[in-house]
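Given next are the chains, with one letter for each unit.
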Amino acid sequence: MSTLTPATQVPWAVSSPFRMRPGLARLAAGGHAPAEPPALFVRDALASAYAEHKREALQAHRARCQIGQADPAVLQAIADACAAQTGVVLAPEADALAQGLQEDFVILHDEPDGEAGARTLRTRFLSVCFPSNWSPAEKRGLDFAAIHAPVADNALLQAGGKGIVDMAFRQAPMLRHVWLLTPSGDLPQHPETRRTRWEDALAAADAPGASGRLIDQVFYRVERQTTLPLPALQRGVFFIRVMVCPLAEALGVEPGRAAQLAEALASMSEAVVAYRGMGAVRERLCAELGAIGS
């Protein structure tokens with residue numbers, strides 16, 4: 001059962017020069033009328049396929065996918081938000097929401113933070129079946145700064161951390177897109193799970209009878225990240241909607257994308273390239289993208 005999203009429906013989030021930046025925007029209403037609920041969720045024709053893959057992930061690796069204890073009131077708020085926006089009624093239970101939403105979600109608690117009057121939000125429950133090469137278990141109990149500490153070139157993220165947390169989890173629903181290139185089209189990409197690696201993609205590209213293009217072995221992966229502040233409960237919810245399509249198809253949606261992506265890859269620092277594991281492929285990808293764009 002395919003979980004690849006049609007390329008025309010995957011947000012093109014590439015810009016150059018590439019920078020690790022917050023990139024937050026206030027989340028618009030789900031429809032044309034401002035009074036409609038914010039579009040926290042994206043539900044499409046792949047909903048049943050996502051649900052099946054989440055069921056498989058929970059059955060095989062529950063301890064990796066669901067960590068911590070979720071507040072019943074927060075689960076109810078998530079179910080209510082889903083029903084208000086999508087019309088889909090889900091039980092306010094962790095498993096029902098995990099499988100019924102195409103989004104993964106993280107619940108944060110607004111807690112005292114040492115100094116008198118200081119507060120911070122920490123992750124206390126994670127339901128993440130489709131991580132993008134990170135371990136949900138390692139993020140439990142962390143605040144924004146600690147979560148993003150391993151991220152390469154994170155100065156812009158860390159500098160705006162307190163403002164980001166306050167805006168996105170205490171004031172208003174927000175939207176952010178994060179894009180990745182990956183040699184695997186799988187939704188779940190936990191670091192402990194064997195999947196197609198860059199060396200496999202290189203070998204496949206150069207195999208007899210193949211196109212000879214690494215681009216044809218690469219997938220464009222986007223995380224559509226949204227937030228739901230629940231200040232009355234002193235909680236916030238972070239949703240992650242993963243969408244994946246073949247890179248070659250994403251490039252074909254609009255003219256100029258190949259050149260734009262080549263510029264973004266070329267502008268990445270060595271630290272970011274290493275962090276994303278692309279040291280062995282960036283030069284070749286840039287060359288192939290340049291040939292398309294020329």
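Being a predicted model, the structure only gives us computed values, none of them experimental.

Novice: Can you tell me about the side chain of Gln66, naming the residues and giving the values?
Specialist: Counting through the fold element by element, Gln66 comes out in strand β2 (residues 66-68). A distance of 3.3 Å separates polar atoms of two side chains, one belonging to Gln66 and the other to Asp95. Dropping the residues within four chain positions of it, Gln66 is found in contact with Leu58, Ala94, Asp95, Ala98, Phe125, Leu126 and Ser127.

Novice: Describe the sheet that holds strand β3 (residues 104-112), and please don't skip the residues or the numbers.
Specialist: Strand order across the open sheet formed by seven strands is β1-β5-β6-β7-β3-β4-β2, with antiparallel pairing between neighbours. The outermost strands of the open sheet, each flanked by one partner alone, are β1 (25-26) and β2. The sheet contact formed by β3 and strand β7 (residues 235-246) spans six bridges and is antiparallel. Bridged to Ile107 within β7 is Val237. Together, β2, β3, β4 (119-127) and β7 form the strand contacts of helix α1 (residues 47-65), whose direction differs from that of β2 by roughly 45 degrees.

Novice: Provide a residue-level description of the environment of Ala207, including the pertinent values.
Specialist: Mapped onto the elements of the fold, Ala207 is located in the loop between α7 (198-205) and β6 (219-230). Residues Ala207 and Leu108, 99 residues apart in the sequence, show an inter-C-alpha distance of 47 Å.

Novice: Requested: an account of the nonpolar core, with residues and values cited.
Specialist: Of all hydrophobic cores here, the largest spans 61 residues; its most connected members are Trp179, Leu181, Tyr220, Leu261, Leu265 and Leu285. Those residues in contact with Leu261 that sit more than four places away from it in its chain are Trp12, Val14, Trp179, Leu181, Leu247, Leu251 and Leu289.

Novice: Give a description of the packing of aromatic side chains that names residues and reports values.
Specialist: Throughout the structure, instances matching the rule amount to six aromatic pairs. Aromatic side chains Trp12 and Tyr220 sit 5.0 Å apart centroid to centroid with 40 degrees between the ring planes, which places their arrangement in the tilted category. Here Trp12, found in the segment before β1, pairs with Tyr220, found in strand β6; they are 208 residues apart in sequence, far enough to count as distant. Of the two residues, Trp12 and Tyr220, both sit in the buried class. Taken together, a centroid distance of 6.0 Å and an interplanar angle of 45 degrees make the contact between Phe105 and Phe125 tilted. Of this pair, Phe105 sits in strand β3 while Phe125 sits in strand β4, and the two are 20 residues apart along the sequence.

Novice: Any chance you could break down helix α2 (residues 72-86) for me, citing the residues and the numbers?
Specialist: With 15 residues, α2 extends 21 Å from end C-alpha to end C-alpha; this agrees with the ideal 21 Å at 1.5 Å per step. Along α2, the positions that sit buried rather than exposed are Val74, Leu75, Ala77, Ile78, Ala79, Ala81 and Cys82. Of the surrounding elements, those touching the buried residues of α2 are α3 (94-100), β3, β6 and β7. Directly after α2, the chain includes Gly87, whose backbone phi takes a positive value near 80 degrees.

Novice: Pulling in residues and values, what's your account of α1?
Specialist: Here α1 spans only 18 Å end to end across 19 residues, well under the 27 Å set by a 1.5 Å rise per residue. Helix geometry: α1 is bent most strongly at Gln59, by close to 75 degrees. Within α1, burial applies to Ala47, Ala49, Tyr50, Ala51, Lys54, Ala57, Leu58 and Cys65.

Quick notes on the rules
Residues numbered from 1 in each chain as written. Predicted model: local features only at pLDDT ≥ 70, side-chain atom pairs only at ≥ 80, totals over all residues. Heavy atoms only, no water. Helix = DSSP H or I, 4+ residues; strand = E, 2+ residues; numbered from the N terminus. Polar contact = N/O pair within 3.5 Å; in protein donor to acceptor, adjacent residues only side chain to side chain. Contact = heavy atoms within 4.5 Å. Pairing = 2+ DSSP bridges. Axes fitted to C-alpha atoms, helices over the stretch in contact; angles between N-to-C directions. Core = buried A, V, L, I, M, F, W, Y, C linked by side-chain atoms within 4.5 Å. Buried < 20%, exposed > 50% of the residue type's maximum accessible area, 1.4 Å probe, protein only. Phe/Tyr/Trp six-rings, centres within 6.5 Å; stacked < 30°, edge-to-face > 60°. Expected span 1.5 Å × (residues − 1). Bend = angle between axes of the 7 residues up to and from the residue.

Geometric values such as these leave the question of function open.
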